[in-house]
Structures are given as structure tokens and as C-alpha cells.
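Results of the structural survey
Residues per chain, in single letters:
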Amino acid sequence: MSGHQDDYHALVARHEAMRLRNRLLSPASGARTTAPGSGPVPVPGAYDDAAGAADQALVLRHLAAVTPFGELIDRLYESMFGRHPYLRRLFPDSMEFQRSHLERAFWHMIDHLDRPAELAADFARLGREHRRLGVLPVHYEVFESSLVEGLRLCAGGAWSGAAEAAWVRMHRHVSAAMVAGANEALGEPVAWNATVTAHERVGPDLALLRVRPAEPYPYRAGQHARVETPLLPHTWRPYTPAGVPGDELEFHVRRTAPGGVSDALVAHTGVGDVLRLGPPQGTATLDEELTDDVLIVAGGTGWAHAKALLDELSRRRPAGLTARLFLGARDAGGFYDEAALERLEARCPWLGVTRVVDGGPSGPDGRGALMDAVLGSRTSPTDWSGSRQLVYVSGPTGLVAATAWHLTEAGLPPERLRHDPMPVSSPAVPALQP
Ligand SMILES: NC(=O)C1=CN([C@@H]2O[C@H](COP(=O)(O)OP(=O)(O)OC[C@H]3O[C@@H](n4cnc5c(N)ncnc54)[C@H](O)[C@@H]3O)[C@@H](O)[C@H]2O)C=CC1
């Protein structure tokens, strides 16, 4: 698995590095007014695009002093838990996932700082999500002082007060959005208890679970839920309910490593156990108004997401609309839940299904038999510019990145592509130097 993630990260890192470098070298990046030194920074009012772009340039210019982010994150948490030991309880025993999550969040903030409204919307959603972790507004202030201490320790003598002030403004922008997002969600539960009603092993590492939430769980087909098991408190992992909302939700879980949430759900969970679900998230859902044909590319347990979309489509598809599913697996044994797919095929003549066994991803650009089959589904595989299909992709991040890359390269307009946000990986820092 990690080899494929490396490929994926290499692919995304190349794009990120090019994109950020271009931005850094663009004329706008030099247009920065100097920020105050390391003294108190005024709380920002509305962070408009120009101010965001200026702070982005400032952060980027001094990025080498605080990257790679691993050390900054270590220092930050040391400072936070050193000063406020009780906060350690809000985090899982293993901080590994948390660290990589924070690293991605830093890159996301920096990358989107010139679009502050979009950034605020992203972090408002995160704030809503963070309610289940017991995060309070005062914690963001603690985080800010730990961040500042971490930045200073990391950068040492090379640090700039102006860059620090930009980091603080950036952090206040996103934390204000998170607080606002949490406040807006005060009317909904922090999390939903859900009792396991069925647990079926469909492979050595794969299980289908059904759970019944104690209260209705308000998601849309295609959204995912973060799930916590009592075996691993404070550790949440996303899974997509494989169907439209109803009394029960079906989850497809593949065990990826021992000791994690997927291991607990596959091998140590049974009927009667109670899980917790965070609020639904994700935008890879069907449109309110269905006008365009749908193409779905799904790999492995990404089938759960595809199944949810097809379930909804089968209930409200307007006459004439068609759907095409490309389902990938590493080997023939990788297909599961076959009876459900066969039932769907039998009752939906408007659905075409192509199963592709591709032996796993091939090469760093992820183009293998699955991608060839998808591209070949158009009369002109190299020209997707005129496609009227909406393309949904779900599965391993490498598959999502590769599909997005190959289809947009072939001319598919990006707004026709739907998938959950991909993690932003750290660009090669030397490439950022002007
Ligand atoms: N369980 C769920 O509800 C959902 C899971 N997912 C994600 O789907 C993934 C499923 O993993 P597995 O079942 O282990 O699938 P897998 O790793 O066995 O791969 C399934 C298919 O994707 C292709 N693929 C894998 N990595 C690729 C890459 N780097 N480039 C191009 N193609 C690639 C494979 O060749 C194969 O055809 C997980 O990452 C999970 O997070 C996504 C949506 C829902």
C-alpha cells in the first residue's frame, strides 16, 4: 500500500510544487506590505483576496525556514501538551494520523490563502466536524501560541517577524471559521451512536457492516461518515454508507494495517457493539437536478460510494439518463458484494458495468488497465472536451488523482469531475525557492 501512496504523493507533489512555484514567481507575489514584527498581531477583520494573497506570498517566501513541517508539528504539540497537559486527552493515543492531518491542513491553508472565502468555508466544515472531539474556542488560542512557539523554535535565527505575523493572521482566519462552523451546527448532535446489526466477513481483510443509528443520520448518498469504535477512542476514520439514507447504514471496511480502526471494525467488532458516527461530510453527491449522464470510476471499497450513487440514481433517474460504472480490482478476488451489483445490473437496463482486473496501479502516473478502459469508453479517447458526462471517482487516493489527471489532460472540463478532496502533500521545498 505504501508504495502506491508514494507514487500518488510523488504525482501530487509534482503538481503542487509547480503550481506553488508559479504562484511564488508571479508578479503579485512580490506585492507585500510589511507586517508588524513579532509583537501582538491585530485580529483580522474580513480577510479579502488581496490581503490573503499578500500573506500567502509572505508565508511562501519564508517557508524554507519551517519546512518540512514535521519538526514544526513536533515542537507545536510539545509546547501545547507541556503547557496544558490536560489537552492530551482530546487526542488519540497514537498521534501519527493527527500529525499528517495537521501537515495537510497547513498546506491547504497556504495553498488557498489567496481565496480566503473558500478557505473559510472549508474550515467551517472542519469546525463542525471538530465538535465531536470536544474542541472549544479557547483551544484555538492555545493552539496559536503553541504554533508561534513552534515556528520560532524551528526557524531559529532565520525567522522573520513579518512571516510570523502572516502565519498568525492565517491561523486566526481559519480558526474563526472553525468556531463559526461549530456554532452553526449547535442544533445537531456532536455524534450519532449506531448499533451494529450485522457483520459479515467477505474476505480475509474485508467486512460488510450494517449499523442502526439511535437517531436519524442526515446524510446524502455519496457523503461519508467518520466512524469511531470504542476500541480506539478519539480515532475516527471515514467510510461511505453504501446506499441512500434509511433505518440502517451499510459500511464496507477493508483492514489495511493491524491495530487501526479498520482492523478493529473487521476483526474485533460484532453485532450489538455501539459505534459513533461524526456528522456527514463530502460533496461527491448527485446534483439536485439530474440532467447529465453519469460515469463512475470506483476502485476496491470505493464501490461503497459508487453503490450509494447508483442506489439514489435508481430511485430518481429521469428517463433517458444513463450511467456507466468502471469497477477496478487488483485481482479477480478483489470484487466483493457481487450479488448486490448483479441485482442492480438486472433491474437497471440504463446501467453499463465494466469490471477491470488491473493487477494494481502501474507506474507513477497510475495509468493501467482500469484507466485505459475508462479513457477508451469515448469514441475519441484522447478528447474528452465535449463530454456531457459527470464523472465520479472513488477509491484509493492514487486512483482518484490518476483519474483526475488523465481525464482533465484529455480535455474533460474540471467542473465535470466529482470526488472528495484529495490530501495535499508537501511540495518539494527546494523547488519553491525563487
Ligand atoms: N470503505 C469506503 O467506504 C470507501 C473507501 N474509499 C477508499 O477506497 C480505497 C479502497 O482501497 P482498496 O479496497 O484497498 O483498493 P485497492 O488498493 O485494492 O485498489 C482498487 C483499485 O484501485 C486501483 N488503484 C489503487 N491504487 C492506485 C493508484 N495509485 N493509481 C491508480 N490506480 C490505483 C487498483 O489498481 C485497483 O484497480 C481506500 O483508500 C479507501 O479509503 C473510498 C470511498 C469509500
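Because the structure is a prediction, the values reported are computed rather than measured.

Remarks on the site of the ligand
Around the ligand sit 29 residues, and of these Gly299, Gly300, Gly328, Gly366 and Gly398 come closest. Broken down by secondary-structure element, the contributors of at least two residues to the shell around the ligand are α1 (2-25), β5 (249-254), α9 (303-316), β8 (323-329) and α12 (397-409). When grouped by side-chain class, the residues that make up the shell around the ligand number 10 nonpolar, 15 polar and 4 charged.

Digging into the sheet that holds β8
An order of β9-β8-β7-β10-β11 is seen for the 5 strands of this open sheet, with the pairing classed as parallel. Of all the strands in the sheet, just β9 (351-357) and β11 (417-418) have a single pairing partner and so form its edges. Across 2 bridges, the pairing between strand β10 (residues 390-394) and β11 is parallel. Bridge pairing in β11 links Val391 to Leu417.

Considerations on the packing of helix α5 (residues 116-130) against helix α7 (residues 161-184)
As a packed pair, α5 and α7 sit with axes 6 Å apart at the nearest point and diverge in direction by 50°. Between α5 and α7, the angle falls in the class oblique. Here α5 and α7 pass one another in a crossing that is right-handed. For the pair α5 and α7, the contacting residues are Pro116, Leu119, Ala120, Phe123, Ala124, Arg125, Leu126, Gly127, Arg128 and His130 in the first and His173, Val174, Ala177, Met178, Val179, Ala180, Gly181, Ala182 and Glu184 in the second. When its residues are assigned to classes, the contact of α5 with α7 shows 12 nonpolar, 4 polar and 3 charged.

What about the sheet that holds strand β1 (residues 192-203)?
Taken in spatial order, the 6 strands line up as β4-β3-β6-β1-β2-β5 in an open sheet, and their pairing is antiparallel. Where the open sheet ends on each side, the last strands, each with one partner, are β4 (237-239) and β5. Put simply, the sheet's adjacent strands are angled 40° from each other on average, direction ignored. When strand β2 (residues 206-213) meets β5, the two strands line up antiparallel, connected through 6 bridges. In the strand pairing of β5, Leu206 is matched with Arg254.

As for unusual backbone geometry
A cis amide bond, omega -10°, links Thr67 with the succeeding residue Pro68. Its place among the elements puts Pro68 in the loop between α2 (49-61) and α3 (69-83). Phi angles above zero are rare outside glycine, and Asp337 is one such case at about 55°. With respect to the element layout, Asp337 can be found in the loop between β8 and α10 (338-347).

Regarding the environment of Thr382
Take Thr382: it is sitting in the loop between α11 (369-375) and β10. Along the backbone, Thr382 and Glu342 are 40 residues apart, and their C-alpha atoms lie at a distance of 31 Å.

A closer look at the nonpolar core
Leu209, Ile296, Leu309 and Leu325 are the most contacted members of the largest nonpolar core, which has 57 residues in total. When residues of this core are assigned to their parent elements, the largest contribution, 7 residues, is made by α9. Looking at this core, you find at least three residues from each of domain 2 (192-277) and domain 3 (294-418). If we skip the residues at most four places from it in the chain, Ile296 touches Ala306, Leu309, Ala323, Leu325 and Tyr392. By size, the runner-up hydrophobic cluster in this structure holds 35 residues, among which are Ala57, Leu63, Met109 and Val168.

Brief notes about the packing of α3 against helix α6 (residues 137-155)
Here α3 crosses α6 at 130°, and the two axes come no closer than 8 Å. Judged by the inter-axis angle, α3 sits oblique to α6. Between α3 and α6 lies a crossing of right-handed hand. Along its contact with α3, which presents Glu71, Leu72, Arg75, Leu76, Ser79 and Met80, the element α6 presents Val142, Phe143, Ser146, Leu147, Glu149, Gly150, Leu151, Leu153 and Cys154. Here the contact of α3 with α6 is composed, by residue class, of 9 nonpolar, 3 polar and 3 charged.

So, how was this worked out
Residues numbered from 1 in each chain as written. Predicted model: local features only at pLDDT ≥ 70, side-chain atom pairs only at ≥ 80, totals over all residues. Near = placed C-beta within 6 Å. Helix = DSSP H or I, 4+ residues; strand = E, 2+ residues; numbered from the N terminus. Nonpolar A, V, L, I, M, F, W, Y, C, P; charged D, E, K, R; others polar. Pairing = 2+ DSSP bridges. Axes fitted to C-alpha atoms, helices over the stretch in contact; angles between N-to-C directions. Parallel < 35°, antiparallel > 145°, perpendicular 65-115°, else oblique. Left-handed = near helix turned anticlockwise from the far one by under 90°. Contact = placed C-beta atoms within 7 Å. Core = buried A, V, L, I, M, F, W, Y, C linked by C-beta atoms within 7 Å. Buried ≥ 20, exposed ≤ 12 C-beta atoms within 10 Å, placed from the backbone. Domains from an automatic or database assignment.

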